[in-house]
Amino acid sequence: MTAINQTAKHFDIIGDVHGELQLLNQLLANLGYQQEQGVWQHPERQAIFVGDLIDKGPEAGQVLLQIKAMVEAGAAQAVVGNHELNLLRTVQDSLLDWQDEDFAYDLFDYLLDHHFYDYNTLADELISQQEALAEALIWLKKQPLWIDEPDLRVVHACWDDKAIECLKKAKITSLNDAALNACIRKGNPVYYAIDLIVAGCQHTPLDKPDRSGFITRRQRVRWWHDPVADYEFSEVPLQKDLAPPTSDAPVFFGHYGLLPKAKLEPISEFQVCTDFGVAYGGTLVAYRHTVGQAIHPQHFVAVKR
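Cut-off values and rules
- Numbering of residues starts from 1 in every chain and runs along the sequence as written.
- Restriction of local features to residues with pLDDT of at least 70 applies here, the model being predicted, together with a cutoff of 80 or more for giving and counting side-chain atom pairs; totals for whole chains, interfaces and linings are based on all residues.
- Side-chain metrics in this entry use all non-hydrogen atoms of the structure; hydrogen atoms and water are not considered.
- Patches draw on residues past 30% relative accessible area with no salt bridge. Two like charges within 9 Å are joined, as are two nonpolar side chains (Val, Leu, Ile, Met, Phe, Trp, Tyr) within 5 Å.
- Accessible areas in this description were obtained via Shrake-Rupley with a 1.4 Å probe; residue shielding takes into account the shown protein chains only.
- One speaks of a salt bridge when a side-chain nitrogen belonging to Lys or Arg is within 4 Å of a carboxyl oxygen belonging to Asp or Glu.
- In this tally, Asp and Glu contribute negative charge and Lys and Arg positive charge; neither His nor the terminal groups of the chain are included.
- Think of each charge as sitting on NZ of Lys, CZ of Arg, CG of Asp or CD of Glu.
- Under the scheme used here, helices are H or I runs from DSSP no shorter than 4 residues and strands are E runs no shorter than 2 residues, and both carry numbers assigned from the N terminus.
- For our purposes a nonpolar core is just a set of buried Ala, Val, Leu, Ile, Met, Phe, Trp, Tyr and Cys residues, chained together by side-chain atoms within 4.5 Å.
- Any residue under 20% of the maximum accessible area for its type is buried, any over 50% is exposed, and the rest in between are partly exposed; the area is computed with a 1.4 Å probe on protein chains only.
- For this analysis, residues touch if any pair of their heavy atoms sits within 4.5 Å.
- Here, any two strands with at least 2 DSSP bridges between them count as paired.
- As a rule, the C-alpha atoms of each element are fitted with a line to give its axis, helices using only the stretch in contact, and angles between N-to-C directions run from 0 to 180 degrees.
- Stacked, tilted and edge-to-face are the three classes applied to pairs of Phe, Tyr and Trp rings, where Trp contributes its six-membered ring and a pair requires centres within 6.5 Å; stacked means planes under 30 degrees apart, edge-to-face means over 60, and tilted covers the rest.
- Distance and angle both matter: a charge sits over a ring if NZ of Lys or CZ of Arg is within 6 Å of the ring centre and within 35 degrees of the ring normal.
- Each residue after the first adds 1.5 Å to the expected span of a helix.

J.: Can you tell me about a negative patch on the surface, naming the residues and giving the values?
T.: A cluster of acidic residues, Asp-97, Asp-100, Glu-101, Asp-102, Asp-106, Asp-109 and Asp-113, forms a negative patch at the surface. Mapped onto the fold, Asp-102 is located in the loop between helix 3 (82–93) and helix 4 (103–112).

J.: Describe the nonpolar core, naming the residues involved and giving the relevant values.
T.: Counting 97 residues, the largest nonpolar core has Ile-14, Phe-49, Leu-145 and Ile-194 as the members making the most contacts within it. Not counting the four nearest positions on each side in its chain, Ile-194 is found in contact with Leu-85, Leu-145, Leu-167, Leu-175, Ala-179, Cys-183 and Ala-199.

J.: Help me get a handle on the sheet that holds strand 10 (residues 251–253), residues and values and all.
T.: Strand order in the open sheet made by the four strands is 6-7-10-11, with mixed pairing throughout. Sheet topology places strand 6 (146–149) and strand 11 (271–273) at the edges, where each strand pairs with a single neighbour. Direction aside, neighbouring strands of the sheet carry axes that sit 20° apart on average. Of the strand pairs in this sheet, strand 7 (residues 152–155) and strand 10 are connected by two bridges, and their pairing is parallel. Along strand 10, the bridge assignment pairs Arg-153 with Val-251.

J.: Give me unusual backbone geometry: which residues, what numbers.
T.: Of note, the phi angle at Lys-171 is positive, near 60°, even though the residue is not glycine. Lys-171 sits in the exposed class, given a relative accessible area of 73%. Backbone geometry places His-255, a non-glycine residue, at a positive phi of 80°. Along the chain, the position of His-255 falls in the loop between strand 10 and strand 11.

J.: Explain the pattern of salt bridges to me, using residue names and the numbers behind them.
T.: Scanning the model with the defined rule gives six salt bridges in all. In this structure, Glu-72 and Lys-68 form a salt bridge, with 3.1 Å as the shortest nitrogen-oxygen distance. Note that Glu-72 and Lys-68 are positioned in helix 2 (residues 60–72) at a spacing of four residues, about one turn of the helix. Here Glu-72 falls in the exposed class, since its relative accessible area comes to 53%.

J.: Which residues make up the packing of aromatic side chains, and what values go with them?
T.: Tallying each qualifying case throughout the model produces eleven aromatic pairs. A ring pair is formed by Trp-98 and Phe-103, whose centres lie 5.1 Å apart and whose planes are at 35°; its orientation type is tilted. A relative accessible area of 10% means that Trp-98 is categorised as buried. Ring pairing ties together the aromatic residues Trp-223, Trp-224, Phe-253 and Tyr-256, which thus form one cluster. The ring of Trp-98 has Lys-141 lying over it, and the distance from NZ or CZ to the ring centre is 4.1 Å. In this arrangement the basic side chain of Arg-153 is found over the ring face of Trp-159, its NZ or CZ atom lying 5.2 Å from the centre.

J.: Account for helix 3, with residues named and values stated.
T.: Helix length check: helix 3 (twelve residues) gives 16 Å between terminal C-alpha atoms against 16 Å at 1.5 Å per residue, within 8%. Along helix 3, nine of the twelve residues are buried, which leaves the element largely enclosed by surrounding structure. Among the residues making up helix 3, those that are buried are Asn-82, His-83, Glu-84, Leu-85, Leu-87, Leu-88, Arg-89, Val-91 and Gln-92. Packed against the buried residues of helix 3 are helix 4, helix 5 (117–125), helix 6 (130–140), helix 8 (177–185) and helix 9 (189–199). One or two residues past the end of helix 3 sits Leu-95, with phi positive at roughly 70°.

See below:
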């Protein structure tokens, strides 16, 4: 896992960006970040991205490269989301050799010819930066699945202590080869744990394989007891065997594409979702957090189209 900058006490936790570069730059500017040597930085704060940097939006490639530069400069951290997982798993399953000297060019051709439109547009957008794209995917494989510090926790979808402990025991904290291969094979504890914390999906065993050969019923779940009045959660069932948190540190996450009826609200006094559906016409949102500060709606900052 990536350790929090020991000098940083102020954080801006930014929701799913989904390729919306212009909105991201506007949000960073509104938060007081400035570009220094081509990298967005803040003298007193650090950005934390909750994942789903790519897909859906028009400039996913540039968003990926920009956030990578911020992380490498110490101006930000990022956990991976299910869209990064899907891309990395797809490349891993393609049998392309990550270590081959021609990997960048093979990757570009593979994505350009892929049946998934978002991968075509990603390759087309970075047609003149093929090596940068390959380096970004290799970098994504090293980014943490979660951040767990005494005063701050971050995950893309669902914070689940049992799932995280399972991954720790398997010595998996990022989407390395072992993690990706487990997700390709499916039907194993590592896959179930990653699918829960990264995609918010829980698996219920079936009595027998279904027509497609699946041995579980996969379903997106919410991991908080009481639906918030300002949001619609009727279609998202409660996680089975939901356990109480083992830490008082607040958890920041994205993934769920909340659509507020009125003002932005945290889920609870220790659970804050920062994904407000920018990929579906919503807003791009950050939560400004200071260590030791109580969770409050006034700390949300949003930009609209």
